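Given next are the chains, with one letter for each unit.
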Amino acid sequence: MCGIVGYVGTNKAVPYLIEGLSKLEYRGYDSAGIAVNIGGAVKVIKAKGRLSNLERIVDMDMDTVLGIGHTRWATHGAPSDVNAHPHTNSNETIAVIHNGIIENYMEIKDWLINDKKCVFKSETDTEVIAHLIDYYYDGDLMSAVRKAADRMEGAYAIGVIAKDEPDRLVAVRKDSPLIVGLGVNENFIASDIPALLKYTRDILLIENDEFVDLSKDKVTIYNSLGQEQKREIYKVTWDIDAAEKEGFEHFTLKEIFEQPKGVRETLFRRLNAEDDLAMEGIRLTADELKNINKIYIVACGTAYHAGLVGRRAIEAFAKIPVECDVASEFRYRDPFIDERTLFIAVSQSGETLDTLQSLREAKRKGARVLSIVNVVGSSVARESDDLFYTWAGPEIGVASTKAFTTQLIAFYLIAMHFGRMNGKLTEEEFKTTITEMKTLPEKVTEVLAKSEEIQKLAAKQFNNEKVFFMGRGVDSDLAMEASLKLKEISYINSFAIPAGELKHGTIALIEDETFVVALATQDRLYDKMLSNIKEVKARGAHVFAIAKEGHLQIDKTADEVFYIPNTSDALAPLLAIIPMQLFAYYVSTLRGNDVDKPRNLAKSVTVE
Ligand code: F6R
């Protein structure tokens, strides 16, 4: 979703802004723009569509040392040149970029039009911010931004420059991501670390309701009361290569192939020399766990699917009842929560608004909050009582891949940790599972080594307009993730169904050559899956099955079989999803789609 960057320094600002925006493209956008202070005037340049459209009309050599830039993902008003950010006041003395939503913008806009005779050019909520700041401006940009923020409701990260202050950049954060990068004789703002990594590793994480005043040699953070805030510098330790393609054609493919590393890091960082668990971020004690009588796992999209797998792991290892819900539904269904509830939020970005608001709602009702997050210092991470960071590294491709497999590792470890604390998991079961888990990175590598098999499958199926994924037990959860992956990057109609539900309706859609993917990794339910495969085959379906090595009869039942290395039923989803991620990737490229930035989608969904 929208990305923001800002630069104040001694070098020419435009190349920094464009480079920063290019690193935020992955978040999803439909237009881009910059505003600079040049010769004592504010100049705005913006264009609908890809960043390359902006690059074509912008002069990189402009003589300016102060600027802001934005990639917009349309919410209020269609994608267009005029709705693109930055926005200005009527006299074009103030320019604003904004990520988020101003909920009361209509009311402010009416007031500005009727009482203050402001003239609006766009349909956006953001334009009111520029007019409002102008209304309060008396030569001190920070003071005007503070007064404007007092009147605004909603979620926002905002960057502002003014014509009369050619060496000052002001920013404010409320519920939308904002970071500051510290340089030598230059300072930056951005939505996310990749935008700054080429220039600095010294980052300040800005908290909610904080205002930042930046000049080339000073950064000052204030809270909502105007008090100066101290902030430790967060040193980015991951390499810039982690945010580059490194020879892969797409980030998505690179990230699929990074899974052995992500799985290894996430697991081994939680094991000590004796193979015992070291769950530092989780402070919940055995006594506190005893008091928990229910767990809610809440997330969106792929993170929700990881939650579904996690629910089964917690129920199996710790025998605690778990409900799993999508955050956009959870927020509005008045769930039964009290101080005996543990709320688990799962989020790669840690900024997904529905997940964040669900977390706050659960906290308000007394729940303890544990979160599984990839982005260090993100909102979800900061607002949680207990924290498990996945070690996937930055995920740039919009389709979540390595975040999912590392989230599964997180759930397995948390489930076992709880099971040991409440005595529901024996030491023997724990040791066997950990031993098995330690083989997973190698097994993921083995699966990836067979990517050609999946490439061939994609070459046969990429023109299909309808695909079904079915499974039983945890494979029915995984079918949902496999289906989401395919539809979001290939735009093919794909459906996920618990195989036992087929006969209750969906089988009516199966006809000659319908492509069905049967996930059949669960020993306990294997024979039942074979029957389901026979049912769809009898209606003419072409079945591609995923099974564990050693499961023999399936090659006589399905048309094609992909074997994953043998592992326990509980851990099988981590291996079985990989061929499906590859399938979605190869189909998408064969259809000529923009795999890393699929249409209409954003990486970090910071609006409702
Ligand atoms: C799908 C995908 C999305 C995200 C969802 C939640 O591939 O990427 O479904 O999983 O938007 O995002 P996070 O995990 O950042 O909260």
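Residues numbered from 1 in each chain as written. Predicted model: local features only at pLDDT ≥ 70, side-chain atom pairs only at ≥ 80, totals over all residues. Heavy atoms only, no water.

A. Summary view of the packing of helix H16 (residues 451-461) against helix H20 (residues 572-590). Remark: H16 packs on H20, axes separated minimally by 8 Å, with the N-to-C direction vectors making an angle of 45°. Considering their axes alone, H16 and H20 lie oblique with respect to each other. Seen along the crossing, H16 lies across H20 with a hand that is right-handed. Between H16 and H20, the residues in contact are Ser-451, Ile-454, Gln-455, Leu-457, Ala-458, Ala-459 and Gln-461 and Pro-579, Leu-582, Phe-583, Tyr-586, Val-587 and Leu-590, respectively. Grouping the amino acids of the contact of H16 with H20 by side-chain chemistry returns 10 nonpolar, three polar and no charged. (Axes fitted to C-alpha atoms, helices over the stretch in contact; angles between N-to-C directions. Helix = DSSP H or I, 4+ residues; strand = E, 2+ residues; numbered from the N terminus. Parallel < 35°, antiparallel > 145°, perpendicular 65-115°, else oblique. Left-handed = near helix turned anticlockwise from the far one by under 90°. Contact = heavy atoms within 4.5 Å. Nonpolar A, V, L, I, M, F, W, Y, C, P; charged D, E, K, R; others polar.)

B. Fine view of the state of the cysteines. Applying the stated criterion across every chain yields a total of zero disulfides. As a non-bridged cysteine, Cys-2 has Cys-300 as the owner of its nearest cysteine sulfur, 17 Å distant. The structure places no disulfide on Cys-324, whose sulfur is separated from the nearest cysteine sulfur, that of Cys-300, by 11 Å. Under the relative-accessibility criterion, Cys-324 is labelled buried at 11%. (Disulfide = S-S within 2.5 Å. Buried < 20%, exposed > 50% of the residue type's maximum accessible area, 1.4 Å probe, protein only.)

C. Summary view of the pairing of strand E18 (residues 341-347). Buried residues dominate E18, accounting for seven of its seven residues. Judged from the six bridges that link them, E18 and strand E19 (residues 368-373) form a sheet pairing that is parallel. Each residue of the ladder has a partner; that of Ile-344, found in E19, is Leu-370. Between the parallel pair E18 and E19, the chain is carried across by helix H11 (residues 353-364), and the sense of this crossover is right-handed. (Pairing = 2+ DSSP bridges. Right-handed = clockwise from strand over helix to strand, strands pointing away.)

D. Representation of the site of the ligand. Within the structure, the ligand sits among 14 residues, and Ser-347, Gln-348, Ser-349, Thr-352 and Glu-488 are positioned closest to it. Separating an oxygen atom of the ligand from a side-chain N or O atom of Lys-485 is a distance of 2.8 Å. One nitrogen or oxygen atom from the side chain of Glu-488 is found 2.5 Å from an oxygen atom belonging to the ligand. The protein chains hide 91% of the 400 Å² of surface that the ligand would expose on its own. Broken down by secondary-structure element, the contributors of at least two residues to the shell around the ligand are helix H9 (301-318) and helix H17 (474-490). (Near = heavy atom within 4 Å. Polar contact = N/O pair within 3.5 Å; in protein donor to acceptor, adjacent residues only side chain to side chain. Areas by Shrake-Rupley, 256 points an atom, 1.4 Å probe, with all protein chains shown as cover.)

E. Structural context of the domain arrangement of the protein. For the protein, the assigned domains read domain 1 (3-237), domain 2 (243-438) and domain 3 (447-593). Centre-to-centre separation of domain 1 and domain 2, based on C-alpha positions: 33 Å. Contacts between domain 1 and domain 2 engage 11 residues on the former and 14 residues on the latter. Summing both partners gives a buried area of about 1,100 Å² for domain 1 against domain 2, and 53% of it is carried by carbon and sulfur. Counting every contact that joins domain 1 to domain 2 gives three salt bridges. In this structure, Asp-175 engages Arg-360 in a salt bridge whose closest nitrogen and oxygen atoms are separated by 2.6 Å. Put simply, domain 1 and domain 2 have four residue pairs in polar contact (both at pLDDT 80 or more) between them. Its residues assigned to classes, the side of domain 1 that touches domain 2 comprises six nonpolar, one polar and four charged. (Domains from an automatic or database assignment. Buried area = accessible area lost by both parts, 1.4 Å probe. Salt bridge = Lys/Arg side-chain N within 4 Å of Asp/Glu carboxyl O.)

F. Representation of the sheet that holds strand E24 (residues 542-548) within the structure. What the five strands build is an open sheet, ordered E22-E21-E23-E24-E25; its pairing is parallel. The sheet is open, and its two edges are formed by strand E22 (493-498) and strand E25 (560-564), each paired on a single side. Strand-to-strand twist across the sheet, computed as the mean angle between neighbouring axes with direction ignored, equals 20°. Bridging between strand E23 (residues 515-520) and E24 involves six bridges; their strand directions are parallel. Bridge assignment links Leu-519 to a residue of E24, and that residue is Ile-546. Of the strands in this sheet, E23, E24 and E25 are in contact with H16, which crosses E25 at around 150°.

G. Summary view of the sheet that holds strand E9 (residues 179-182). With antiparallel pairing, eight strands are arranged side by side in an open sheet as E3-E2-E4-E1-E10-E9-E11-E15. Each having just a single partner strand, strand E3 (41-48) and strand E15 (234-235) make up the two edges of the open sheet. Here strand E2 (residues 31-38) runs beside E3; their pairing, made up of eight bridges, is antiparallel. In the strand pairing of E3, Asn-37 is matched with Val-42. Sheet strands in contact with helix H1 (residues 13-24) are strand E1 (3-8), E2, strand E4 (66-72) and strand E10 (187-190), and its direction is about 155° off that of E1.

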